[in-house]
Amino acid sequence: MSVRTTYQITGMTCGHCASAVTRELTALPGVKEVEIDLAAGNAAVVSDSVLPLDEVRNAVDEAGYQLAGVDA
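Residues numbered from 1 in each chain as written. Predicted model: local features only at pLDDT ≥ 70, side-chain atom pairs only at ≥ 80, totals over all residues. Heavy atoms only, no water.

J.: Help me out: how do you make sense of the sheet that holds strand 2 (residues 31–37) in this one?
T.: As summarised here, the arrangement of the 4 strands in space is 2-3-1-4, forming an open sheet in which the pairing is antiparallel. What marks the edges here is a single partner per strand, and that holds for strand 2 and strand 4 (66–71). With strand direction ignored, the average angle separating the axes of adjacent strands in the sheet is 25°. Sheet analysis places strand 1 (residues 3–10) next to strand 4, joined by 5 bridges and oriented antiparallel. Across the sheet, residue Gln-8 finds its bridge partner in strand 4, namely Gly-69. Against the sheet, helix 1 (residues 15–26) engages strand 1, strand 2 and strand 3 (42–47), with an angle of about 160° to strand 2. (Pairing = 2+ DSSP bridges. Helix = DSSP H or I, 4+ residues; strand = E, 2+ residues; numbered from the N terminus. Axes fitted to C-alpha atoms, helices over the stretch in contact; angles between N-to-C directions. Contact = heavy atoms within 4.5 Å.)

Following this line, the structure appears as structure tokens:
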């Protein structure tokens, strides 16, 4: 069973931003798919199970952006 979680991310404004965030989130264990919506400022992540929030926050920070919230 897969879990889909949407994370609100601040600071993403272009394709390069989306690529950086996608690259970091995809590297997390269990992540199957990442969809970025620049207009909404979020990333929908499909994973094997619920991801630890600190790992997601660290991945977003590593990409140079800030995790602003989570929509289940």
